[in-house]
Amino acid sequence: MTDTGRLIPRRRDMHPVPYDPEYKTSVTRSPNLPLLSLESTPSEETGPRFGHGLIGALDNNLILNFSKGAAPAIGERIRVHGRVVDENARPVPHTLVEVWQANAGGRYRHVKDTYFAPLDPNFGGCGRTLTDENGYYEFLTIRPGAYPWPNRGNDWRPMHIHVSVFGHSFGQRLITQLYFEGDPLIALCPIAATVKDRGQLDQLVAPLDMGASRPMDYLAYRFDIVLRGRRQTMFENKPEGM
Amino acid sequence: MVQKLGTLTETASQTGGPYVHIGCIPTFAGLPGVYPEDLGLSPIAEGAKGEVITITGSIYDGTGWAMRDAMFESWQADGTGRYPGTPGADPAVNGFCRFAADKDTGEYTLRTIKPGAVKGHDGRMMAPHISIWIVARGINIGLHTRIYFDDEDNSNDPLLARIEQRPRVDTLIAKREGAGQYRFDIRLQGQGETVFLDI
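Residues numbered from 1 in each chain as written. Chains lettered and ligands numbered in written order. Predicted model: local features only at pLDDT ≥ 70, side-chain atom pairs only at ≥ 80, totals over all residues. Heavy atoms only, no water.

**Description of the overall build of chain B**
Phase 1: In terms of helices and strands, chain B carries 3 helices and 12 strands.
Phase 2: Here chain B has a C-alpha radius of gyration of 18 Å; the compact-globule value for 199 residues is 16 Å, and the two agree.
Phase 3: Its C-alpha atoms give chain B principal-axis dimensions of about 60 × 40 × 40 Å.
Phase 4: Within chain B, buried positions represent 60% of all 199 residues.
Phase 5: Residue pairs at least 24 apart in sequence account for 65% of intrachain contacts in chain B once pairs closer than 6 positions are excluded.
Phase 6: Entry remark: accessible area of chain B is about 8100 Å², with carbon and sulfur atoms responsible for 51%.
Phase 7: Here chain B carries 19 positive and 25 negative side-chain charges, and the mean point of each set is 3 Å from the other. (Helix = DSSP H or I, 4+ residues; strand = E, 2+ residues; numbered from the N terminus. Rg over C-alpha atoms; globule rule 2.2 N^0.38 Å. Buried < 20%, exposed > 50% of the residue type's maximum accessible area, 1.4 Å probe, protein only. Contact = heavy atoms within 4.5 Å. Areas by Shrake-Rupley, 256 points an atom, 1.4 Å probe, with all protein chains shown as cover. Lys, Arg positive; Asp, Glu negative; His and termini not counted. Charge placed at Lys NZ, Arg CZ, Asp CG, Glu CD.)

**Details of the environment of W149 of chain A**
All names here are of chain A.
Phase 1: One can find W149 in strand β6 (residues 147–149).
Phase 2: Among the residues examined, W149 registers a relative accessible area of 14% and is labelled buried.
Phase 3: W149 sits 34 residues away from Y115 along the chain, and the two C-alpha atoms are 8.7 Å apart.
Phase 4: Excluding its chain neighbours within four sequence positions, the residues that come into contact with W149 are Y23, D155, W156, R157, P190 and I191.

**Things to note about the interface of chain A and chain B**
Phase 1: On the chain B side, the residues contacting the 82 residues of chain A number 70 residues.
Phase 2: Across the interface of chain A and chain B, roughly 6900 Å² is buried in total on both sides, 57% from carbon and sulfur atoms.
Phase 3: Three residues, R29, L36 and F170 of chain A, lead the burial of chain A against chain B; their summed loss comes to 13% of the area buried on that side.
Phase 4: Here chain A is connected to chain B by 6 salt bridges.
Phase 5: Remark: the boundary between chain A and chain B carries 45 residue pairs in polar contact (both at pLDDT 80 or more).
Phase 6: Secondary-structure elements contributing two or more residues to the side of chain A that touches chain B are β1 (36–37), α1 (42–45), β2 (77–86), β3 (96–100), β4 (126–130), β8 (160–165), β9 (174–180) and β12 (225–227) of chain A.
Phase 7: Among the elements that line the side of chain A that touches chain B, the one with the most residues is β9 of chain A, at 5 residues. (Buried area = accessible area lost by both parts, 1.4 Å probe. Salt bridge = Lys/Arg side-chain N within 4 Å of Asp/Glu carboxyl O. Polar contact = N/O pair within 3.5 Å; in protein donor to acceptor, adjacent residues only side chain to side chain.)

**Considering unusual backbone geometry**
Phase 1: Backbone geometry at A89 of chain A places phi at a positive 65°, although glycine is not the residue there.
Phase 2: By relative accessible area, which is 37% here, A89 of chain A ends up partly exposed.

**Focus on the sheet that holds β4 of chain A**
Residue and element names in this part refer to chain A.
Phase 1: Taken in spatial order, the 5 strands of this open sheet run β4-β3-β8-β9-β10, and their pairing is mixed. Of all strands in the sheet, those with a lone pairing partner are β4 and β10 (205–206), marking the two edges.
Phase 2: Looking at chain direction, β8 and β9 are connected through 6 bridges and run antiparallel. In the sheet register, H162 faces β9, and the bridge partner there is Q177. (Pairing = 2+ DSSP bridges.)

**Remarks on the pairing of β8 of chain A**
Residues and elements named next belong to chain A.
Phase 1: Extensive coverage of β8 is indicated by the burial of 6 of its 6 residues.
Phase 2: The two faces of β8 match: H160, H162 and S164 on one face and I161, V163 and V165 on the other face are all buried.
Phase 3: Bridging between β3 and β8 involves 4 bridges; their strand directions are antiparallel. Opposite W100, over in β8, you have H162 as the bridge partner.

**Considerations on the environment of N154 of chain B**
Residue and element names in this part refer to chain B.
Phase 1: Summarising the element assignment, N154 is placed in the loop between β8 (143–149) and α2 (158–161).
Phase 2: Spatially, the C-alpha atom of N154 lies 9.7 Å from that of H129, the residues being 25 residues apart in sequence.
Phase 3: Here N154 is in contact with A127, Y148, F149, L160 and I173, once residues within four sequence places are set aside.

**Considerations on the pattern of salt bridges**
Phase 1: In the structure shown here, the tally under the stated rule is 26 salt bridges over all chains.
Phase 2: E76 of chain A is paired through a salt bridge with R143 of chain A; the nearest N and O atoms lie 3.0 Å apart. One end of the pair, E76 of chain A, is in the loop between α1 and β2; the other, R143 of chain A, is in the loop between β5 (136–142) and β6, and 67 residues separate them in sequence.
Phase 3: The exposure class of E76 of chain A is partly exposed, given its relative accessible area of 35%.
Phase 4: Classification of R143 of chain A as buried rests on a relative accessible area of 15%.
Phase 5: Each of E98 and R173 of chain A together with E73 and R98 of chain B takes part in a single network of salt bridges with overlapping partners.

**Looking at the state of the cysteines**
Phase 1: Counted by the stated rule, this structure contains 0 disulfides over all chains.
Phase 2: Here C126 of chain A is not cross-linked by a disulfide; its sulfur's nearest cysteine counterpart is in C24 of chain B, at 9.6 Å.
Phase 3: For C126 of chain A, a relative accessible area of 1% puts it in the buried group. (Disulfide = S-S within 2.5 Å.)

**A few points about the side chain of R173 of chain A**
Phase 1: Here R173 of chain A is to be found in the loop between β8 and β9.
Phase 2: In this structure the side chain of R173 of chain A is engaged in a polar contact, spanning 2.6 Å, whose partner is the side chain of E73 of chain B.
Phase 3: Residues within four places of R173 of chain A in sequence aside, it is in contact with R10, E98, S164, V165 and F166 of chain A together with E73, R98 and W133 of chain B.

**Considering the packing of aromatic side chains**
Phase 1: One pass over the structure, following the stated rule, counts 14 aromatic pairs over all chains.
Phase 2: On the basis of an interplanar angle of 75° and a centroid distance of 5.7 Å, the ring pair of F50 of chain A and F96 of chain B is categorised as edge-to-face. In this pair, F50 of chain A is assigned in the loop between α1 and β2 and F96 of chain B in strand β3 (residues 96–100), connecting two distinct chains. Just as F50 of chain A is buried, F96 of chain B falls in that class too.
Phase 3: Note on F180 of chain A and Y221 of chain A: the rings are 5.0 Å apart at their centroids and 90° apart in plane angle, and the pair reads as edge-to-face. Of the two residues, F180 of chain A sits in strand β9 while Y221 of chain A sits in strand β11 (residues 219–222), which places them 41 residues apart along the sequence.
Phase 4: Exposure remark for F180 of chain A: the relative accessible area of 0% places this residue in the buried category. (Phe/Tyr/Trp six-rings, centres within 6.5 Å; stacked < 30°, edge-to-face > 60°.)

Right, dumping it as C-alpha cells:
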C-alpha cells in the first residue's frame with residue numbers, strides 16, 4: 001500500500017473564507033460562483049521536485065543571506081523550526097519551504113512598500129530550505145515588526161512570516177502565515193480573522209520554544225505545517241461503473 | 001467513545017499578500033543576488049520536444065481591473081503527456097513555471113511547450129492542459145484552474161464535461177491568436193467568471 005492514492009479533498013471550512021468584507025481586497029478578488037469539486041487526477045497528484053543543488057548555504061539564514069555574510073540584519077534573533085507532515089501524520093521529506101517577511105521595523109524591501117520605518121541595509125527578507133528526510137526544517141531570522149496597512153481606518157498586521165510549501169504534488173500547494181505567541185494584534189487582524197475556525201487559527205500561532213533556543217544567541221519558535229494527505233487504500237483504479 | 005482517528009487537519013491557508021514576489025521570485029521583486037536566479041523561470045530547457053507556445057493574458061478582479069500583483073504557478077506534462085518524474089518523461093521538461101502579472105500592464109506571459117493529452121485514472125484521456133495556481137493579495141486561498149487549447153479536441157475531457165453551464169467551459173480554453181500564440185484571460189469574479197477548481 002503505497003502513498004499514491006487520490007488526494008484527500010480539501011476541507012474548505014478549515015480554510016479562510018475567500019470573501020470577507022473586513023479584509024477589503026478580498027471583496028473583488030473572491031469568486032462568486034462555487035468551485036468545481038472533482039477527485040484529483042495525475043495533474044494534481046504529481047508536482048515539481050527540487051533538489052539540494054538548488055539550496056545555497058545561507059538560503060535559510062535571513063540574518064546573513066542578503067549581505068552574503070558580511071554583516072548581520074538588525075533585530076531580535078530567532079530560530080523558526082518545525083516539521084512538515086501530511087494529514088495522515090506522515091512526514092513530508094525533501095520538500096521546498098520558502099519564507100518572506102518584513103524587517104524588524106515592519107518594512108518590506110519592496111518598491112511598493114512606502115511605510116516610513118527604515119530599510120535595513122543588511123536585510124532582504126526571503127529565505128528557503130528543504131525539509132530533511134523526516135520532514136524537519138529550520139530558519140534563522142529576525143523577528144519581523146508589526147506594521148500598519150491600508151484597510152479599515154487603523155489596521156495593523158501582527159508580526160508574521162509568510163510561509164510557502166510545495167509538498168510532493170501540485171494539489172498540495174499551500175501558502176500560509178506564521179504568527180507569534182502572545183501577539184495581541186492577532187486578535188485584531190482582519191486577515192488572520194478570515195480563518196473562522198478558532199482551532200485552525202491557533203495552529204498558525206507559533207509557540208515560544210525555549211528548549212530549541214540557544215542561550216546568549218537566539219530564541220526559538222516552533223511551527224509545524226500539515227499538508228493535504230492522500231487516501232491510502234488498495235481499492236483504487238476501478239474501471240468506471242464498478 | 002470511539003477510537004481516535006489520528007489524522008490531522010491541513011494547515012489553514014493565508015493570503016500571499018502584496019509582497020509574495022519577495023519570497024517566491026525575489027529577483028523579479030527587486031532583490032537580486034539572494035539566489036542565483038528565481039525559481040521556476042522556465043518549464044522547459046533547450047531541446048524540449050513538442051510545439052513551443054506562448055500564452056499571454058491578464059487576470060481581472062471583480063471590477064474588471066487587470067491586477068498588477070498576481071503571481072502564477074503552472075504545472076504540466078511533457079509533449080507526450082508524461083509528467084516530469086514519471087517513466088519516459090522528456091528530461092528537458094521540468095513542467096513547473098512561476099510568472100507574474102506585469103506591474104504596469106497586468107499582462108502575464110508563459111512560454112512553454114504544448115503538453116500532450118494525459119490518461120486519467122479511469123483510463124479516459126484528459127485533453128492537453130496546463131494546471132494553474134494563482135495567489136495574490138486578497139486571495140485567501142490559492143486558486144486552481146486549468147488552461148486548455150481551442151485547437152485541440154476538448155469534447156471528451158472528463159473535467160470540462162463536468163461543467164454544467166456549457167458557456168463556462170470557454171473560460172478554461174485558451175484562444176489561438178497566431179502560430180504558437182494563445183490568449184488566456186482569467187476573471188476572478190462576475191461576468192465571465194473563470195471556473196476555479198476544488199481538486
